[in-house]
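What follows is each chain in one-letter form.
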Amino acid sequence: MALLPWRDIDTVLLDMDGTLLDLHYDNHFWMEHLPQRYAELHGVSRAMAELELQPLFERNAGQLQWYCLDFWSAELKLPVRELKLETAHLIALRPDADTFLAAIRNAGKRVILITNAHRDSLSLKLERVELAPYFERLISSHDYGFPKENPQFWDALRADIQFDPARSLFIDDTLPILRSARDFGVAQLLAVSRPDSRKGPKDTAEFAALEDYRALLEGL
């Protein structure tokens, strides 16, 4: 990965899940814990639970409701926020993410969190990992009514925080979101090679991949 042109970067936009936080928590919850609890609470087998959940997941992926705990609580007839608390011990910062955050903040960059996470999910994670002090703003796409995959999210973000995309860095672990940011004109884009610490590296396609937060600080 080439050195970042820090002189040309005023604003650093950062995703949360899979970027600053280990995606293992979310993957485990949605793929393992939720199907198991759905089976138990609805009195069906685990296999049947997965058969019922899979088409719902596929139908809503990438849309705002995909990230909304209220939506899933109503759709699945389950107390999803309470169920997320049952695995909250798995919420963890990615290695050296806090070192990176402190360094870019101290260097005078604007540091803004932009996440598709529902405000309840954001609150749950902030209770367990001290992220808030590093950021000028903590923005959920639910505040705007559009997920980060949607071009209207980026229009709303610029109207809200008055940032220059040509002088911004954005790091995210989701390729459709990075492509949406690129289409909007965000100049510096990085994907994440291993958003889930329990899995191997992922294909980041046309985007350079972040592997080590400390390596990004060279030249800062």
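Residues numbered from 1 in each chain as written. Predicted model: local features only at pLDDT ≥ 70, side-chain atom pairs only at ≥ 80, totals over all residues. Heavy atoms only, no water.

If you look the protein up in an unreviewed UniProt entry, it shows as Putative hydrolase of the HAD superfamily from Pseudomonas saponiphila.

(A) Inspection of unusual backbone geometry at higher detail. Even without being glycine, Asp96 reaches a positive phi, approximately 65°. Within the secondary structure, Asp96 sits in the loop between helix H4 (80-85) and helix H5 (97-106). On the basis of relative accessible area, Asp96 is assigned to the partly exposed category, the value being 25%. Positive phi outside glycine occurs at Gln162, with the angle close to 55°. With respect to the element layout, Gln162 can be found in the loop between helix H7 (151-161) and strand S4 (168-171). (Helix = DSSP H or I, 4+ residues; strand = E, 2+ residues; numbered from the N terminus. Buried < 20%, exposed > 50% of the residue type's maximum accessible area, 1.4 Å probe, protein only.)

(B) Representation of the sheet that holds S4. With parallel pairing, six strands are arranged side by side in an open sheet as S3-S2-S1-S4-S5-S6. At either margin of the open sheet sits one strand with a lone partner, and together these are strand S3 (137-140) and strand S6 (209-210). Here strand S2 (residues 110-115) runs beside S3; their pairing, made up of four bridges, is parallel. Within S3, the residue paired with Ile112 across the bridge is Arg137. (Pairing = 2+ DSSP bridges.)

(C) Inspection of the domain arrangement of the protein at higher detail. Domains assigned within the protein are domain 1 (4-21 + 91-214) and domain 2 (23-87). For domain 1 versus domain 2, the separation of C-alpha centres amounts to 25 Å. At the interface, 26 residues of domain 1 touch 16 residues of domain 2. A combined buried area of about 1,600 Å² lies between domain 1 and domain 2, and 57% of that area is made up of carbon and sulfur atoms. Viewed at the interface, domain 2 and domain 1 are joined by one salt bridge. Scanning the region where domain 1 abuts domain 2 turns up nine residue pairs in polar contact (both at pLDDT 80 or more). When grouped by side-chain class, the residues that make up the side of domain 1 that touches domain 2 number seven nonpolar, nine polar and ten charged. (Domains from an automatic or database assignment. Contact = heavy atoms within 4.5 Å. Buried area = accessible area lost by both parts, 1.4 Å probe. Salt bridge = Lys/Arg side-chain N within 4 Å of Asp/Glu carboxyl O. Polar contact = N/O pair within 3.5 Å; in protein donor to acceptor, adjacent residues only side chain to side chain. Nonpolar A, V, L, I, M, F, W, Y, C, P; charged D, E, K, R; others polar.)

(D) Fine view of the packing of aromatic side chains. Evaluated as defined, the whole model comprises 15 aromatic pairs. With 5.0 Å between their ring centres and 75° between their planes, Phe71 and Trp72 make a pair best called edge-to-face. The buried category is assigned to Trp72, whose relative accessible area is 0%. Grouping aromatic residues by their ring pairs yields a cluster made of Phe29, Trp30, Phe57, Trp66, Phe71 and Trp72. Seen from the ring of Phe29, Lys84 lies directly overhead, with NZ or CZ sitting 4.7 Å from the centre. (Phe/Tyr/Trp six-rings, centres within 6.5 Å; stacked < 30°, edge-to-face > 60°. Lys NZ or Arg CZ within 6 Å of the ring centre and 35° of its normal.)

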